[in-house]
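# Architecture at a glance
One letter stands for each residue in the lines below.
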Protein chains: 2
Amino acid sequence: MINKLTAKIKKTEAPIVVGLDPMLSYIPEPVKQKAFAEFGETLEGAGEAIWQFNKAIVDATCDLIPAVKPQIAMYEQFGIPGLIAYKKTIDYCHEKDLVVIADVKRGDIGSTSGAYATAHLGNVAVGSKQYAAFDADFATVNPYLGTDGIKPFVDVCKEEKKGIFILVKTSNPSSGEFQDRLIDGKPLYEQVAEKVAAWGEDAMGDAYSYVGAVVGATYPEMGKALRKVMPKSYILVPGYGAQGGKGADLVHFFNKDGLGAIVNSSRGIIAAYKQEAYQSYGEANFADASRAAVLAMKEDIAKALKQL
Amino acid sequence: MINKLTAKIKKTEAPIVVGLDPMLSYIPEPVKQKAFAEFGETLEGAGEAIWQFNKAIVDATCDLIPAVKPQIAMYEQFGIPGLIAYKKTIDYCHEKDLVVIADVKRGDIGSTSGAYATAHLGNVAVGSKQYAAFDADFATVNPYLGTDGIKPFVDVCKEEKKGIFILVKTSNPSSGEFQDRLIDGKPLYEQVAEKVAAWGEDAMGDAYSYVGAVVGATYPEMGKALRKVMPKSYILVPGYGAQGGKGADLVHFFNKDGLGAIVNSSRGIIAAYKQEAYQSYGEANFADASRAAVLAMKEDIAKALKQL
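Everything in this summary refers to the structure shown in the same document.

### Describing the overall build of chain A
Along chain A, the regular secondary structure elements total 12 helices and 12 strands. For chain A, the C-alpha radius of gyration of 19 Å lies close to 19 Å, the compact-globule estimate for 308 residues. Referenced to the eigenvectors of the C-alpha coordinate spread, the extents of chain A come out at roughly 60 × 55 × 35 Å. Looking at chain A alone, contacts between residues at least 24 apart form 72% of all its contacts between residues at least 6 apart. Total accessible area on chain A stands at roughly 10600 Å², and carbon and sulfur atoms take up 51% of it. Placing the 34 positive and 37 negative side-chain charges of chain A at their respective mean positions leaves the two points 4 Å apart.

Here is the structure:
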């Protein structure tokens, strides 16, 4: 799947991923009202609104982008109907040949991490049958529990030719509280990055490993250092746009070949119609505004990559 | 809810929690076959088998215990039908007046952690209506992202009078890889524990905070030190039984009042019928074997607590 991701990034000339994190407040009133008219102001109604919103954005952007990243928390808060919308979104993105990065940030002790890996990337046995529960292509994983929390994910990745992105340095303001603390003269995030490189060594695609990392766009200097620590790992870069990261900050997350990083924008794309720059589209044309925002992001990053 | 948990621990004289982590391999063949006969070897069939298994164990043990801890990964791997079984289990445990600790180990940046807190502990707004998606009483949370990943959980806890247990020192063999590394002369787990104490300060129940910690039974010396670092935090202690922790190891996780810790056993209780000690019950009476295992665990811990 890392090979497919790399190929699709080359083909679309867009190392970007659209974060499908649909807060109800991002969804235009007409979409919500239509869903509520059919299902009421219920969890099912919320799930339907989310699904219709996602579908419109995917339809409007899928030819421009290699991948999407649904954030499962935004679906989980609507319970079972929310998770049905999550699964429908994954399946639809696959129909559109998009790579799906499940932003689930799971991580637990051995057998439990194994169950999470099965849930999101693998196949579960029921009697003599096998089923893929959520069937994403990549998942994000939390490293706090160490190797035996990560290994089951790597095993499933090797079996299914899928991938993970391990949290190294997150984009949020307080990420430094633990991640930046020095251990033997190196910050914790760098200690984690060294492990990411090691975990990924025997799980290689053609040029990049199945084991990638998450490093926030909001910390470009750290991105520069971490790029070198994990030369074979793709870096998933959240924090572009709404969180403050700019194209020019991102150049050092990439390798000299223009590959090795994929930049996520969520709010900046899916709620573009709410921004001043795209207001002229109007609420009814929210998906066209998202398309315009993807094109602008693509250009911003292409410009930055010329500095490589 | 921390007050209710404390009261129920006193009433049952059992600072224990039964981990409802139903691997299909733990479920007796007759239970599985009945579910498969009705729903086929499908995810729905697996969900039904899990639900019937859980129900029997809850029925057989609910008068002896204060709380249960379903591990959501074990349900998530069966997709939507698995999560329906998870929700049914929570609702049924509430009917039986058990405190439900959702072992979800979630954690993300601010607004996303907020969505997870809403999903598992809070209420989500849909138009003019409010719904509790999963409605557990406590949730486990990963601290890697720092204060702004934790704060939204604490806010929901204060609003809903619910609680969290933050991963401090996990029970798995490689937990030390990052958690034991020294930062300014103190291990990372202790740095996290100091934060747990601080986060919990303004979220107090009568005697204990809404903000607790997870510390593995497999590391009793660390439990002893951590007890003092977080005097007002309940410690959720996994790793008893199947993972190797013994009653005698646990005494230092408790405060002098015999409170402040709750010990989890999963496999050791729910798959007791597979152990030599309980084999005489036979597969058909698996729930009675679980009851016997709860009684033995209760006695083991009561004996240990006499050393306090």
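There's more to say after this.
### Quick notes on the interface of chain B and chain A
On the side of chain A, 69 residues touch chain B, which itself brings 69 residues to the contact. A buried area of about 5700 Å², summed over both sides, lies between chain B and chain A, and 62% of it is on carbon and sulfur atoms. Put simply, chain B and chain A have eight salt bridges between them. Residue K105(B) pairs with D108(A) through a salt bridge whose shortest N-O separation is 2.9 Å.

### Some words on the pairing of strand 1 (residues 16-20) of chain A
Residue and element names in this part refer to chain A. Counting buried positions along strand 1 yields five of five residues, so the element is predominantly enclosed. Going residue by residue along strand 1, you find I16, V18 and L20 tucked away on one face and V17 and G19 tucked away on the opposite face as well. As paired elements, strand 1 and strand 12 (residues 261-265) share three bridges and run parallel to each other. By the bridge assignment for strand 12, V17 is matched with N264. Across four bridges, the pairing between strand 1 and strand 2 (residues 67-70) is parallel.

### Considering the pattern of salt bridges
Inspection of the entire model under this criterion finds 38 salt bridges over all chains. Here R106(B) makes a salt bridge to E76(A), at a shortest N to O gap of 3.0 Å. Of this pair, R106(B) sits in strand 3 (residues 99-106) while E76(A) sits in helix 4 (residues 73-76), on two different chains. Two residues, K162(B) and D135(B), come together in a salt bridge whose shortest N-O distance is 2.9 Å. In this pair, K162(B) sits in the loop between helix 7 (147-160) and strand 7 (163-169) while D135(B) sits in the loop between strand 5 (129-131) and strand 6 (138-141), placing the two residues 27 residues apart along the sequence. Accessibility expressed as a relative area gives 25% for D135(B), which makes it partly exposed.

### Side note on the packing of helix 2 (residues 29-39) of chain B against helix 3 (residues 43-61) of chain B
All names here are of chain B. Between helix 2 and helix 3, whose axes approach to 8 Å, the crossing angle comes to 140°. Taken together, the axis directions place helix 2 and helix 3 in an arrangement best described as oblique. Crossing hand, helix 2 versus helix 3: right-handed. Across the interface between the two elements, V31, K32, A35, F36, E38 and F39 of helix 2 pack against E44, G45, A46, E48, A49, Q52 and F53 of helix 3. Grouping the constituent residues of the contact of helix 2 with helix 3 by class yields seven nonpolar, two polar and four charged.

### Notes on the relation of the copies chain B and chain A
Once chain B is rotated about the relating axis by 180° and shifted along it by 0.0 Å, it coincides with chain A to within an RMSD of 0.0 Å. In symmetry terms, the pair is related by a two-fold rotation axis. Proximity to the rotation axis, assessed at the C-alpha, singles out I183(B) in chain B; its C-alpha lies 2.8 Å from the axis.

### Looking at the packing of helix 9 (residues 188-200) of chain B against helix 10 (residues 220-229) of chain B
For any two helices packed against each other, one specifies the inter-axial angle together with the distance between the axes. Residues and elements named next belong to chain B. Taken N-terminus to C-terminus, the directions of helix 9 and helix 10 make an angle of 30°; their axes are 9 Å apart at the nearest point. The angle between helix 9 and helix 10 places the two elements in the roughly parallel class. The element helix 9 and its partner helix 10 pack so that their crossing is right-handed. Together, Y189, E190, A193, E194 and A197 of helix 9 and M222, L226 and V229 of helix 10 make up the contact between the two elements. Among the residues forming the contact of helix 9 with helix 10, the class breakdown is six nonpolar, no polar and two charged.

What counts, and where the lines are drawn
Residues numbered from 1 in each chain as written. Chains lettered and ligands numbered in written order. Predicted model: local features only at pLDDT ≥ 70, side-chain atom pairs only at ≥ 80, totals over all residues. Heavy atoms only, no water. Helix = DSSP H or I, 4+ residues; strand = E, 2+ residues; numbered from the N terminus. Rg over C-alpha atoms; globule rule 2.2 N^0.38 Å. Contact = heavy atoms within 4.5 Å. Areas by Shrake-Rupley, 256 points an atom, 1.4 Å probe, with all protein chains shown as cover. Lys, Arg positive; Asp, Glu negative; His and termini not counted. Charge placed at Lys NZ, Arg CZ, Asp CG, Glu CD. Buried area = accessible area lost by both parts, 1.4 Å probe. Salt bridge = Lys/Arg side-chain N within 4 Å of Asp/Glu carboxyl O. Buried < 20%, exposed > 50% of the residue type's maximum accessible area, 1.4 Å probe, protein only. Pairing = 2+ DSSP bridges. Axes fitted to C-alpha atoms, helices over the stretch in contact; angles between N-to-C directions. Parallel < 35°, antiparallel > 145°, perpendicular 65-115°, else oblique. Left-handed = near helix turned anticlockwise from the far one by under 90°. Nonpolar A, V, L, I, M, F, W, Y, C, P; charged D, E, K, R; others polar. Least-squares fit on C-alpha atoms with pLDDT ≥ 70 in both.

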